[in-house]
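# Notes for the structure review
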Amino acid sequence: MRVLHLSNFSCRTKLLIAPALCLAIIVVTAILLLRGNHASMMSEKRAATRDLVETALGILTRYAEQARQGVMSEADARAAAMADIRSMRFAGIEYLWINDMHPTMVMHPTKPELDGKDLTGFKDPNGVALFVEAVARVRENGGGFVEYSWPKPGSGSEVPVPKLSYVQGFEPWGWVVGTGIYIDDVERAFQADIRSTVSIVCVLLIALVGIVLLVERSITRPLAKAVAVADAIASGQLNLDITARGRDETAHLLTSLATMQSTLRDFIAAQQSVAREHAEGFISRTIPSEQFAGAFRQVAQEINDLVQSHIGLTWRLVEIADRYAIGDFSVDMDRLPHEKAVLTA
């Protein structure tokens, strides 16, 4: 399996990795926060509906107890309980209703035309048989939540909007008490949060991209220049105008390359100067190795030693030739190795 290493990526790609990860973390965090806020708002709605139904059940329990004690008849107790619950309002438009376990509507405060009607086939525009579902929740667990759509009182429209209801059974009378809270405001708030979050993320993205581009240009451009300079020096071009700006690593690299170019030029100039002086007859001239450091000094010393060696050999040959010229053959040339042996053959 091929392993990916960061060294296989360009500097531009590497610079984009960290901001991309940061952006991904921001997006994921924003999504989690949005979902958390939505869940929190829905939880508050659920708690509110449950509390209201339990309040209504307290009213039913009180009247049922009065009927049991003979304070009033059961019919009067039911009528009084329905009257109290019919008048209950919260959040301006929310209300409670009562149906039985058939289900048949017992009391609906905003749609009295439903009172006494069979609700078995009553469905919202999405096909949810909400009263049948309400009875099912009571039969299964004694109560529960039902989500459906219903026209909003006071809105001036009969178009159904999303609603969350909680229902609970009142066993002594076989009733189901329910109330609902319109959750279109939750959805509107959620959509507003999404738009706000998307706007913030977009602003952060634009700012992040702008910063990354500025940083990327401040790094890759000088780095590309340094690479071009290094390539040029490697190919023998030593007349480059190397200008380093700033105090970062790439500026330091360009400064070092400029110093290297200058040292190479000085070294070559010193060699050329010695060569000219030797050609003019000043064969004792050497490269000033003390002006250089490190490997340059070592190379200069080795060149000087090599030149002096050849000069010494030349002087020796001249000396022997002069002796031979006057008939003195008592001096002989030392045997030289390899290609130098031709001088002593």
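It should be noted that the structure appears before, not after, this text.
Residues numbered from 1 in each chain as written. Predicted model: local features only at pLDDT ≥ 70, side-chain atom pairs only at ≥ 80, totals over all residues. Heavy atoms only, no water.

## Looking at the overall build of the chain
Convention followed: A helix here means a DSSP run of H or I that spans at least four residues, while a strand means a run of E at least two residues long, and both kinds are numbered starting from the N terminus. Atoms considered for the radius of gyration are the C-alpha atoms alone. The globule rule reads 2.2 Å times the number of residues to the power 0.38. Exposure categories follow from relative accessible area, calculated using a 1.4 Å probe and restricted to protein chains: below 20% of the type maximum is buried, above 50% is exposed, and the middle band is partly exposed. We call two residues in contact whenever any of their non-hydrogen atoms come within 4.5 Å of each other. In these tables, accessible area is a Shrake-Rupley quantity obtained with a 1.4 Å probe, and a residue counts as shielded only by the protein chains included in the view. Only four residue types enter the charge count, namely Lys and Arg as positive and Asp and Glu as negative; His and the chain termini do not. In plain terms, the charge of a residue is placed at NZ if it is Lys, CZ if Arg, CG if Asp and CD if Glu.
Along its length, the chain carries six helices and five strands. Start at the N end of the chain and walk to the C end: the helices and strands fall as α-α-β-β-α-β-β-β-α-α-α. A compact globule built from 345 residues should have a C-alpha radius of gyration of about 20 Å, whereas the chain, at 49 Å, is more than 25% larger. C-alpha extents for the chain along the principal axes are approximately 165 × 40 × 35 Å. Counting across all 345 residues of the chain, residues that qualify as buried make up 30%. Here the contacts in the chain between residues at least 6 apart in sequence split such that 52% fall between residues at least 24 apart. Element-wise, carbon and sulfur atoms account for 59% of the exposed surface of the chain, whose accessible area totals about 21,100 Å². Averaged over its 34 positive side-chain charges, the chain has a centre that lies 3 Å from the centre of its 39 negative ones.

## Some words on the environment of Pro 103
Considering the arrangement of structural elements, one finds Pro 103 in the loop between strand S1 (96-100) and strand S2 (105-107). Between the C-alpha atoms of Pro 103 and Ser 309, which are 206 residues apart in sequence, the distance is 120 Å. Look past the residues within four positions of Pro 103 in its chain and what remains in contact with it is Lys 117, Asp 118, Leu 119, Thr 120, Phe 131, Val 132 and Val 135.

## Some remarks on the pattern of salt bridges
This is how it is decided: The working definition used for a salt bridge is a side-chain nitrogen of Lys or Arg within 4 Å of a carboxyl oxygen of Asp or Glu.
On inspection of all chains with the given rule, the structure shows eight salt bridges. Taking the shortest distance from any N to any O, the salt bridge between Arg 46 and Glu 147 comes out at 3.5 Å. In this pair, Arg 46 sits in helix H1 (residues 11-68) while Glu 147 sits in strand S3 (residues 143-151), placing the two residues 101 residues apart along the sequence. Linking Asp 84 and Arg 62 is a salt bridge whose minimum nitrogen-to-oxygen distance equals 3.9 Å. Here Arg 62 lies in helix H1 and Asp 84 lies in helix H2 (residues 74-87), a separation of 22 residues in the sequence.

## Regarding the packing of helix H4 (residues 184-234) against helix H5 (residues 249-279)
Applicable threshold: Axis angles are defined between N-to-C directions and span 0 to 180 degrees, where every axis is a line fitted to C-alpha atoms and, for a helix, only to the segment in contact. An angle below 35 degrees is read as roughly parallel, one above 145 as roughly antiparallel, one from 65 to 115 as roughly perpendicular, and any other as oblique. In this scheme the crossing of two helices becomes right-handed for a clockwise turn of the near helix relative to the far one and left-handed for an anticlockwise turn of less than a right angle. Polarity classes work like this: nonpolar for Ala, Val, Leu, Ile, Met, Phe, Trp, Tyr, Cys and Pro, charged for Asp, Glu, Lys and Arg, and polar for all others, with Gly in that last group.
Contact geometry for H4 and H5: axes closest at 9 Å, N-to-C directions at 15 degrees. It follows that H4 is roughly parallel to H5 by the angle criterion. The handedness of the crossing between H4 and H5 comes out as left-handed. Across the interface between the two elements, Ser 218, Ile 219, Pro 222, Leu 223, Lys 225, Ala 226, Val 229, Ala 230 and Ile 233 from H4 touch Thr 250, Leu 253, Leu 254, Leu 257, Met 260, Gln 261 and Leu 264 from H5. Of the residues that constitute the contact of H4 with H5, the class distribution is 12 nonpolar, three polar and one charged.

Remember that the coordinates give geometry; whether it matters functionally is a separate question.
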